[in-house]
Amino acid sequence: MKTRCFGLAALALAATTQVAGAADPASCKVVRMAEPGWNDLAFTTGVASTLLSAMGYEPQSSLLGIDVIYASMKNKDLDVFLGYWDPAMVTYYKAYKEDGSVETVGVNLTGAKYTLAVPTYAWEAGVKDFADLQKFAEKFDKKMFGIESGSNQLMFDTVADPALGLAGWEVVESSEVGMLTELERKAKKGEYIVFQGWAPHPMNSKFDFKYLTGGDKFYGPDFGAATVSTQVRQGYAGECPNVGKLLSNLVFDIDFENKGMGYLIDDGMKPEEAGAKSISQAPALLEKWLDGVTTLDGQPALPAVKAKLGL
């Protein structure tokens, strides 16, 4: 009997040791993330931060331009980036992919798109393709509206392409909010505007607009049909395998992101608040996201996260 009890105790100890062994070292407690001010990435980073906090980590999120994000990951000043849009950001990532300084964990969203768009009234008037822009140059005041500086290279490439006849056009860089404010202002007056559109984003239901054809050379086919992937600095997933496991599990869908981004844009929530609310409305997602994941101290993550979030 004593032998059997000892055997059971040993098995229990081994199981505890195995779970504890899954925990990351203390050096992984602070998880440094960044996003470029886009609401989709602010939201998904908020979801990740909410989960990490509930698991005992200390997530940090910085607002940086895409070029700075990649340079910082290469210099090991950042750990995680949830927003690699492929193919729209291929040129940004190319050098870091080639030298191996930034690694892709996996796709976290499919069904996204990203290309130029115009209000439906401009589309119905004949602006249906990139090649149509130059025909209506004066209507557009030879301007196209982008987002944050450092995030509009494809617009600059479009203007620079002699085949499109857009010489002299200006790319107006401001922010996602600034661009959408300009869209709203011009749409109310029936004025022409060409801007950077994408999905997922609540703009697709808030505004009446159409995506332009003819941008395959810059944004890729099917209106810039895209995937979004999670990336980490070189070696991070090996150094912090538990966070790495969470990141590989963390997959979203268009509807989930549209709703979550609405909490940011329409309700003024902070990313972590929007993340927590979205998770509370879809708790079944935690089963997949936290499969094989532990807290920082090595305990099963699922019950710990549910308890922290009151689920």
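Residues numbered from 1 in each chain as written. Predicted model: local features only at pLDDT ≥ 70, side-chain atom pairs only at ≥ 80, totals over all residues. Heavy atoms only, no water.

**Quick look at the overall build of the protein**
At step 1: The secondary structure content of the protein amounts to 16 helices and 9 strands.
At step 2: For the protein, the spread of C-alpha atoms along the principal axes amounts to about 90 × 40 × 30 Å.
At step 3: Once local pairs closer than 6 in sequence are excluded, the contacts in the protein between residues at least 24 apart make up 78%.
At step 4: As displayed, the protein has an accessible area near 14,100 Å², and 55% of this comes from carbon and sulfur atoms.
At step 5: Taking the 29 positively charged and 39 negatively charged side chains of the protein as two groups, their mean positions are separated by 4 Å. (Helix = DSSP H or I, 4+ residues; strand = E, 2+ residues; numbered from the N terminus. Contact = heavy atoms within 4.5 Å. Areas by Shrake-Rupley, 256 points an atom, 1.4 Å probe, with all protein chains shown as cover. Lys, Arg positive; Asp, Glu negative; His and termini not counted. Charge placed at Lys NZ, Arg CZ, Asp CG, Glu CD.)

**Describing empty space enclosed by the protein**
At step 1: By the definition in use, this model includes 1 cavity of 30 Å³ or more.
At step 2: A volume near 60 Å³ is recorded for the largest cavity.
At step 3: Considering the residues around the largest cavity, the lining is formed by 13 residues, among which Ala88, Tyr92, Tyr114, Ser151 and Leu154 are closest to the centre.
At step 4: Top contributing element to the lining of the largest cavity by residue count: helix 6 (residues 153-160), with 3 residues.
At step 5: In terms of residue class, the lining of the largest cavity is built from 9 nonpolar, 4 polar and no charged. (1 Å grid on protein atoms, 1.4 Å probe; cavity = no way out; pocket = protein on both sides within 12 Å on 5 of 7 lines; lining within 4 Å. Points joined across faces, edges and corners; volume = space filled by probe spheres on them. Nonpolar A, V, L, I, M, F, W, Y, C, P; charged D, E, K, R; others polar.)

**Describing the confidence of the model for the protein**
At step 1: Of all residues in the protein, 93% have pLDDT values of 70 or greater, and the mean over the chain is 91.
At step 2: Within the model, the stretch residues 1-21 combines pLDDT values under 50 with 5 contacts to residues more than four positions away or in other chains. (pLDDT = per-residue confidence, 0-100.)

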